[in-house]
Amino acid sequence: MRRRSFLAAGALGMAAPALPVSPLSGPALAQNARVLRFVPESNLANADPVWTTTTIARNHGLMIWDMLYARDAGFVPRPQMVAGHELSGDHLTWRFTLRDGLLFHDGEPVRAVDCVTSINRWAKRRPLGQKLLELTEEMKALDDRRFEIRLKHPFALMTHAFADSCFVMPERIARTDPFQQITEYVGSGPYRFLRDEWVSGDRAVYARFDRYQPRQEPPSYLAGGKVVHFDRVEWRVMPDSATASSALQNGEVDWVQVPQFDLLPMLRGSRGVKVAVNDRVGVMGMLALNHLHPPFDNPKLLRAILSVLDQRDFMTAALGEEKELFQVPCGVFTPGLPMANDAGMEVLAGPRDIERGRKLVAESGYKGERIVLMSPSDYPTTQTFAQVAADLFKRLGLNVEYTSMDWGTLVQRRTSKEPVEKGGWSAFATTYEGLTVADPATHIPLRGNGAGGWFGWPTSPRLEALRDRWFDAPDETAQKRIARDMQSIAFEEVPFLPLGQLFYPTAYRDTLQDIVPANMPIFWNVRRA
């Protein structure tokens, strides 16, 4: 079914607003060729990519900070800030050497101690980093250009870890508690953040860092040479996708990161606009569940919901006729990548029977507890997921309260561990990038480490034990067997509800060229024809 018809007929009783369609006109404004005007996926409410896991903060991080290693187009980590590393014969000592010419935006050289301090802060908030800290005997700077990590046990994923948004900040900034937000944004990457021009809800602005030294290599995904061709990049926040699309058609902006799916036919027919799907791995839609409080601390209730959840309903409501942009069924690992498997998938593929689901809900012991379902108003696709979930909950007889808010507010509220009566929450819709949820190493929503885990805080000793085994597996075949076991357990304990895999398109003026294909916007290499 199409998104608008679903929303019009849905139990929530919310009518979709009419979307303005602008004429197919040429550029309305004469743009400065050295300024790129970009509409991001959402508002940059917080600019600390360690404190928050939002993709918008990660994208901001890629603008202003560099990483020690970065994934290439084959998703293989390649040296970025480092010239290379040495590994001892027993695989317990890693020694890294920084390449020449690395400077922070305040003109100070990047030192090994900056790297060590940045690693320590980042590691406390990221799954691969937490594993690294667990295995580390000592991490220290040897001199200004070299640092060393001595391990208790071999860690083959070291460079993969450093390629997982491990941004290098000056030591004074990286000393900030990882559970507190930084207040200074001195970068190490190709763009400087113009903090004085940052207005949350309106814009974020970046300027080319003239002293950045790119690698002398072609760009490849996040790796290689980061050569900048624009003096200034302006992120202009436009929560309404129709407004953003109209601005793109009229030449008022150059690039819209994520146009709304039902506007794609119009954009494809617009003169001077190109629509592309640069994402090869997609994202996973999911419903996060709060396991600390009733009613979602009850696995029987969660299994009852899972038994009637129809992933196709979620995908078609959000994407309409764009069937080539989604994949169902989708388990707990990214379809198309090595750890994806069919273990327990019959729970998603069998007949959907609401009456049977209502019976299972009653048998679960559900007592009518209020469910607060948070929905991000400025993410149309995710908002649609939340609306479909609310409709499903109502049809199952659950006492659901649909609460709409902007993503920045949702990000703040989801940190609360209080019950709903004290401002807490029960569930929220979100998406996770395919590479992040591709395997147990970085799959944060699949963790079972309770209060120390991702929002929702499920506790699962079985999932945690299998994750540890996955790290020690001798080969990919053994890893795949463990991933199957983890998926089977996930369908029993339901740490989150998988909603399907989707691929986001992007749209830009056809005067832009050499955009690096990726699942996030990349602002190096791109130029204006």
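Small disclaimer: the values here were computed from a predicted structure and weren't measured.

**Thoughts on the domain arrangement of the chain**
Right, so step 1: Structurally, the chain comprises domain 1 (34-42 + 189-278 + 504-528), domain 2 (66-179) and domain 3 (283-502).
Right, so step 2: Look at where the C-alpha atoms of domain 1 and domain 3 centre, and you get two points 31 Å apart.
Right, so step 3: Contact with domain 1, which involves 14 residues of that partner, is made by 15 residues of domain 3.
Right, so step 4: Taken together, both faces of the contact between domain 1 and domain 3 bury some 1,100 Å²; the carbon and sulfur share is 58%.
Right, so step 5: Of the charged contacts, one joins E322 and R268 as a salt bridge, the two residues approaching to 3.1 Å between their closest N and O atoms.
Right, so step 6: Where domain 1 meets domain 3, there are four residue pairs in polar contact (both at pLDDT 80 or more).
Right, so step 7: Along the lines of polarity and charge, the residues of the side of domain 1 that touches domain 3 split into nine nonpolar, three polar and two charged.

**A word on the sheet that holds strand β14 (residues 326-327)**
Right, so step 1: The six strands are arranged β14-β18-β13-β17-β15-β16 in an open sheet whose pairing can be described as mixed. For this open sheet the edge positions go to β14 and β16 (399-405), each flanked by a neighbour on one side alone.
Right, so step 2: Note that strand β13 (residues 283-289) and strand β17 (residues 427-433) share seven bridges and pair antiparallel. Bridging across to β17, M286 finds its partner in T430.

**A closer look at the pattern of salt bridges**
Right, so step 1: Summed over all chains, the structure comprises 38 salt bridges.
Right, so step 2: Residue R146 pairs with D143 through a salt bridge whose shortest N-O separation is 2.8 Å.
Right, so step 3: Of the residues examined, R146 reaches a relative accessible area of 30% and is grouped as partly exposed.
Right, so step 4: The salt bridge partner of R447 is E464, with a shortest N-O separation of 2.7 Å. Pair noted here: R447 is in the loop between β17 and α15 (461-472) and E464 is in helix α15, with a separation of 17 residues, a long-range link.
Right, so step 5: According to the relative accessible area criterion, R447 is buried, its value standing at 10%.
Right, so step 6: Residues joined by salt bridges that share partners form a network here, namely R37, E197, R232, E234 and R236.

Parameters at a glance
Residues numbered from 1 in each chain as written. Predicted model: local features only at pLDDT ≥ 70, side-chain atom pairs only at ≥ 80, totals over all residues. Heavy atoms only, no water. Domains from an automatic or database assignment. Contact = heavy atoms within 4.5 Å. Buried area = accessible area lost by both parts, 1.4 Å probe. Salt bridge = Lys/Arg side-chain N within 4 Å of Asp/Glu carboxyl O. Polar contact = N/O pair within 3.5 Å; in protein donor to acceptor, adjacent residues only side chain to side chain. Nonpolar A, V, L, I, M, F, W, Y, C, P; charged D, E, K, R; others polar. Pairing = 2+ DSSP bridges. Helix = DSSP H or I, 4+ residues; strand = E, 2+ residues; numbered from the N terminus. Buried < 20%, exposed > 50% of the residue type's maximum accessible area, 1.4 Å probe, protein only.

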